[in-house]
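Descriptive structure summary
Residue strings, one per chain:
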Amino acid sequence: MQDDRLIVALDVANVLDGLAMAEKIGDAVSFYKIGLGMLTGGGLALANELKAEHGKRIFLDMKLFDIGATVEAAVRGFARYDIDFLTVHGDPHVVRAARAGAEGSNLKILAVTILTSLDRGDLDAGCMKAGSVADLVTERAGRAFEAGAHGVIASAQEAALIRALPQAEGRLIVTPGIRPTGAEHDDQKRTATPAQAIADGADHIVIGRPVWMHPDPRAAALAVRAEMDSPQARHPNV
Ligand code: C5P
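Because the structure is a prediction, the values reported are computed rather than measured. Counting restarts for each chain, with residues numbered from 1 along the sequence as it is written. For this predicted model, a pLDDT threshold of at least 70 governs which residues receive local features, and a threshold of 80 or more governs which side-chain atom pairs are given and counted, while totals over whole chains, interfaces and linings are taken from all residues. Side-chain measures were taken over the full set of non-hydrogen atoms in the model, leaving aside hydrogen atoms and water.

1. Let's talk about the packing of helix α1 (residues 15–25) against helix α11 (residues 217–228)
Which entries qualify depends on this criterion: The axes are straight lines fitted to the C-alpha atoms, using for helices just the contacting stretch, and the angles between their N-to-C directions are given from 0 to 180°. Helix numbering and strand numbering both begin at the N terminus, where a helix is a DSSP run of H or I of at least 4 residues and a strand a DSSP run of E of at least 2. Roughly parallel means an angle under 35 degrees; roughly antiparallel means over 145; roughly perpendicular covers 65 to 115; every other angle is labelled oblique. Crossings are sorted by hand: turned counterclockwise from the far helix by less than a right angle, the near helix makes the crossing left-handed, and turned clockwise it makes it right-handed. Throughout, a contact is declared for two residues whenever any of their heavy atoms are within 4.5 Å. By the convention adopted, Pro, Cys, Tyr, Trp, Phe, Met, Ile, Leu, Val and Ala count as nonpolar, Lys, Arg, Asp and Glu as charged, and the other residues, Gly among them, as polar.
Where α1 meets α11, the closest approach of the two axes is 7 Å, and the angle between their N-to-C directions is 60°. Considering the angle they form, α1 stands oblique to α11. Considering the relative orientation of α1 and α11, their crossing is right-handed. Touching M21, K24 and I25 of α1 are P217, R218 and A221, all from α11. The residue inventory of the contact of α1 with α11, partitioned by class, reads four nonpolar, no polar and two charged.

2. A look at the environment of E146
One can find E146 in helix α7 (residues 133–146). In this structure, the C-alpha to C-alpha distance between E146 and A168, residues 22 residues apart in sequence, is 9.2 Å.

3. Quick word on the site of the ligand
What counts is decided by this rule: The nearness test applies per residue and asks whether one of its heavy atoms lies within 4 Å of the molecule or strand. Counting of polar contacts relies on pairs of N or O atoms within 3.5 Å, with two restrictions inside protein: one atom must be capable of donating a hydrogen and the other of accepting it, and residues adjacent in sequence are counted only when both atoms are side-chain atoms. Accessible areas in this description were obtained via Shrake-Rupley with a 1.4 Å probe; residue shielding takes into account the shown protein chains only.
In the vicinity of the ligand, 13 residues are found, and the nearest of them are D11, T116, Q188, G208 and R209. Within the side chain of K33, one N or O atom sits 2.9 Å away from an oxygen atom of the ligand. At 2.7 Å from an oxygen atom of the ligand is found a main-chain nitrogen or oxygen belonging to G208. Contact with the protein chains hides 82% of the accessible area of the ligand, taken as 460 Å² for the molecule alone. Grouping the amino acids of the shell around the ligand by side-chain chemistry returns five nonpolar, three polar and five charged.

4. A short note on the nonpolar core
Spelled out, the test is: For the purposes of this section, nonpolar cores are sets of buried Ala, Val, Leu, Ile, Met, Phe, Trp, Tyr and Cys residues that join through side-chain atoms within 4.5 Å. The cut-offs for exposure are 20% and 50% of the maximum accessible area for each residue type, with area from a 1.4 Å probe on protein chains only; residues under the lower value are buried, those over the upper are exposed, and the others partly exposed.
Counting residues in hydrophobic clusters, the biggest one holds 69 residues, and the most contacted among them are L6, L50, V75, L86, I162 and I205. The element best represented in this core is α7, accounting for six residues. The contact partners of V75, leaving out residues within four places of it in the chain, are L64, L86, A98, G101, A102, L107 and I109. Ranked by size, the runner-up nonpolar core spans 11 residues in total, among them I7, F31, F59 and I153.

5. Points about the pattern of salt bridges
Threshold: A side-chain nitrogen of Lys or Arg and a carboxyl oxygen of Asp or Glu constitute a salt bridge if their distance falls within 4 Å.
With the rule as written, the count across this model stands at 17 salt bridges. With a closest N to O distance of 2.9 Å, R5 and D3 form a salt bridge. Given a relative accessible area of 22%, R5 falls into the partly exposed group. On the basis of relative accessibility, which here comes to 12%, the residue D3 falls in the buried class. The network of salt bridges with common partners includes D4, K51, R57, D82 and D84.

6. So, the packing of aromatic side chains
To keep it simple, the criterion reads: Aromatic pairs are defined between Phe, Tyr and Trp rings, using the six-membered ring for Trp, whenever the two ring centres lie within 6.5 Å; interplanar angles under 30 degrees are classed as stacked, those over 60 as edge-to-face, and all others as tilted. We call a charge positioned over a ring when the NZ of a Lys or the CZ of an Arg lies within 6 Å of the ring centre and within 35 degrees of the ring normal.
A full pass over the atoms with the stated rule returns two aromatic pairs. On the numbers, 5.0 Å between centres and 50° between planes, the contact of F31 with F85 is tilted. Linking F31 in strand β2 (residues 31–35) with F85 in strand β4 (residues 85–89), this pair joins segments that are 54 residues apart in sequence. Ring centres of F59 and F85 lie 6.0 Å apart, and the angle between their planes is 65°; this geometry places the pair in the edge-to-face category. In this pair, F59 sits in strand β3 (residues 57–64) while F85 sits in strand β4, placing the two residues 26 residues apart along the sequence. An aromatic cluster is present here, built from F31, F59 and F85 joined pairwise through their rings. It is K33 that lies over the ring of F59; its NZ or CZ is 5.9 Å from the centre.

7. Overview of the pairing of β2
Moving residue by residue along a regular strand, the side chains alternate between the two faces of the sheet. For the record, the criterion: By definition, two strands form a pair when at least two bridges between them are found by DSSP. By the criterion used throughout, a crossover qualifies as right-handed when its path from the first strand across the helix to the second strand runs clockwise, the strands pointing away from the viewer.
β2 sits mainly inside the fold: five of its five residues count as buried. Because side chains alternate across β2, one face comprises the buried residues F31, K33 and G35, and the other comprises Y32 and I34, equally buried. The pairing of strand β1 (residues 6–9) with β2 spans two bridges and is parallel. Paired with V8 across the bridge in β2 is Y32. A crossover links β1 with its parallel partner β2, the connecting element being α1, and its sense is right-handed. Across five bridges, β2 lies against β3 in parallel orientation.

Encoded structure:
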């Protein structure tokens, strides 16, 4: 019943709702993402409970960015919790510091390349160098891998480009912005289906609202898993 390729983003209002949702979904999902919005509402307690009492894997999406010493100290603190994935921004000094902070633990460091909500205009406003977003994402992914990232976060559109990088060998690609066939797109602009993302080289897909806002979250999660097992997940053009 376990398939940890599917990570469900538990972007619900509070810890109690998070626990209730995980119980409703049961063994259909074995991996949950807890984000910044839940941190001040007991997100770490929720992570502990889901891991210790329910045997779930935990992805803590903190997107850390600071001077190396501060990132290292923060990651050392998070590594005391039994967490599986932690996000930092993909700048090489941040990734190196995060790896140092995670030393001796099983925590995997995932690097954010460029937030998928940013377009070229936003990058100009932030003084980011010229070039297409896809090129910059691929370059940042390569540098993050060289700095020691266990994996990167990227949209499914960029997964294939990143998977083709020599530095990506043995590293993880985790893709949010996934929408099951026929689901609402919500505010996600560049979406892919679960099958497309897996076919393009994603190791894990992150899905939130199409599962937790669904009237039957367990059935929704099982439907996503079925899509990941479909022939399209192996041959995108079939
Ligand atoms: O509800 P939905 O499936 O859109 O949720 C996706 C999750 O992935 C949210 O927690 C969102 O913050 C996160 N995410 C994203 N795009 C990124 C990075 C993270 O949608 N580039």
